[in-house]
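This is what each chain is made of:
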Amino acid sequence: MTNDDLNDPAFIANPHPTYAGWRADDPVRRVRLTTGEDAWMVTGYREARAALAEDRLSKAPRDVASYTEADLATNRHMLASDPPDHTRLRKLVTAAFTHRRIEAMRPRIVAIADGLLDEMTGDGPVDLIGAYAFPLPVQVICELLGIPVSDRDSFRTWSAAIVAGADATGEVIGPGLQDTVEGLTAYLKDLVALRRVSPGDDLLSALVRVRDREDRLSDNELTSMAFLLLVAGHETTMGLISNGTFVLLEDREHWERLRADRGLLPNAVEEFLRYESSVETSTGRVAVEDFVFAGHQVRKGDLVMVGLLAANRDPAQFEAPDVLSFERTRNQHLAFGHGIHHCLGAPLARLEAVIAFDRLLARFPEMRLAAAPGDLPWRSSAIIRGLQRLPVLLR
Ligand code: HEM
């Protein structure tokens, strides 16, 4: 295997065989990322869990001194922080992601899913991503945050550009993204100002109250938090819905099985998360000191990428890892990460996905792929694994 593999279209379409080869050879190895940077790539399950729990691997930005005002307004969030900042920031929103609060969203998510399915008509191919998998999570997160409906289209454009352009550590910096980031930041700042004078019962209004009355959050942390929730919450969920639909339709037996027994859905969603994780590698971490990791000398400043997709197919952890099985028990996949940065939105993502598949199977039981599976284009992002388009025939 050469380091150029990460740019290879065959790798982008199906990285699993390459990861399997790397993992068998050494679960931690050097690779050159598509950005040109050298990094450690972790492909073993045990090693990935250890890396995610390793406090000598930091998520704090490396080069804050060079940040512009817009960079600061978007990179001061919990996923770009270590304790104690991380602990403080995460605590502020944890209360908003309680089981009860998420469960209360259920009727709204059903209504949003049904509304989108109502608009899908015709005999020709429909792009399931554009029509369903993408707008569903956007509408849910916008509702949770209190983003006005009229602004949601701009949101989708901004967010898609940002995820496409984020670097290996997940930091959104760099000239290519400047306009997008500045546009979104200016928008979020205006919205914060609006919520100051006319608060609602949404999450952003709650965060503004915390900022103003209790002073536990800076202005940049507030905009960054809103920014993170928007960006983290929807390309990922979109990937779960579209990758899941793809694997169901690729082998129709799976689709029919779920149609016949929708009680399998919660298990199926866990299996989609494991089998074709929408987050391919966790956002990178940087070593804060020299240490030996899985037999390798890691130096201070080294970049470490944790391959969640690869870890989730490790035969040392999962029996028959390349088989999609709704009966799998002990499915402790790493699709939502692990340790202090474990996905805050996991309960919401799970609920959205179960509803999305439930409504889709009920509404379009005859749905099928409108192209050969091998012809579908995959995205080349280092962080997100997902299709660019998913053309389907509805009946
Ligand atoms: C963190 C995956 C949906 C909010 C993470 C991480 C992963 C992940 C792997 C850890 C990244 C790392 O350690 O480098 C996913 C997947 C999702 C999903 C696969 C959907 C299928 C959501 C949703 C939200 C959300 C719906 C919010 C509405 C967050 C936040 C963090 C995070 C705030 C940072 C937590 C922290 O730093 O403490 N997610 N996510 N995610 N996710 Fe998700």
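In what follows, the structure referred to is the one given above.
Nothing here was measured: the structure is a model prediction, and the numbers come from that model.

(A) Region of interest: the site of the ligand. For the ligand, the set of nearby residues contains 29 residues, the closest of which are His-86, Thr-283, Arg-285, His-341 and Cys-343. Between the ligand and the protein, one listed contact pairs an oxygen atom with a side-chain N or O atom of Arg-285 at 2.7 Å. Elements represented by at least two residues in the shell around the ligand include exactly α5 (85-94), α13 (219-250) and α17 (346-363). Tallying contributions element by element places α13 first for the shell around the ligand, with seven residues. For the shell around the ligand, the per-class residue count stands at 17 nonpolar, 10 polar and two charged.

(B) Representation of helix α2 (residues 16-25) in the model. Those residues of α2 not exposed but buried are His-16, Thr-18, Tyr-19, Trp-22 and Arg-23. Angularly, the buried residues of α2 cover 160° about the axis, an arc narrow enough to put them on a single face. Set apart from the buried face of α2 by more than 90 degrees, the exposed residues are Ala-24 and Asp-25. Among the structural elements, α1 (9-13), β1 (28-32), β2 (38-42), α15 (265-275) and α16 (308-311) are those in contact with the buried residues of α2.

(C) Quick peek at the coordination of the iron atom of the ligand. The protein gives the iron atom of the ligand a lone donor atom, Cys-343 (SG), placed 2.3 Å from the metal. As for its position among the elements, Cys-343 is in the loop between α16 and α17.

(D) Focus on the pattern of salt bridges. The tally for this structure, following the rule as stated, stands at 25 salt bridges. In this structure, the salt-bridge partner of Arg-363 is Asp-114, at a minimum N-O distance of 3.7 Å. Separated by 249 residues along the polypeptide, Arg-363 in helix α17 and Asp-114 in helix α7 (residues 106-119) bring together distant segments of the chain. For Arg-363, a relative accessible area of 32% gives the class partly exposed.

Calculation rules
- Residues numbered from 1 in each chain as written.
- Predicted model: local features only at pLDDT ≥ 70, side-chain atom pairs only at ≥ 80, totals over all residues.
- Heavy atoms only, no water.
- Near = heavy atom within 4 Å.
- Polar contact = N/O pair within 3.5 Å; in protein donor to acceptor, adjacent residues only side chain to side chain.
- Helix = DSSP H or I, 4+ residues; strand = E, 2+ residues; numbered from the N terminus.
- Nonpolar A, V, L, I, M, F, W, Y, C, P; charged D, E, K, R; others polar.
- Buried < 20%, exposed > 50% of the residue type's maximum accessible area, 1.4 Å probe, protein only.
- Arc of directions from axis to C-beta.
- Contact = heavy atoms within 4.5 Å.
- Donors = N, O, S within 2.8 Å, 3.2 Å for Na, K, Ca; no water.
- Salt bridge = Lys/Arg side-chain N within 4 Å of Asp/Glu carboxyl O.

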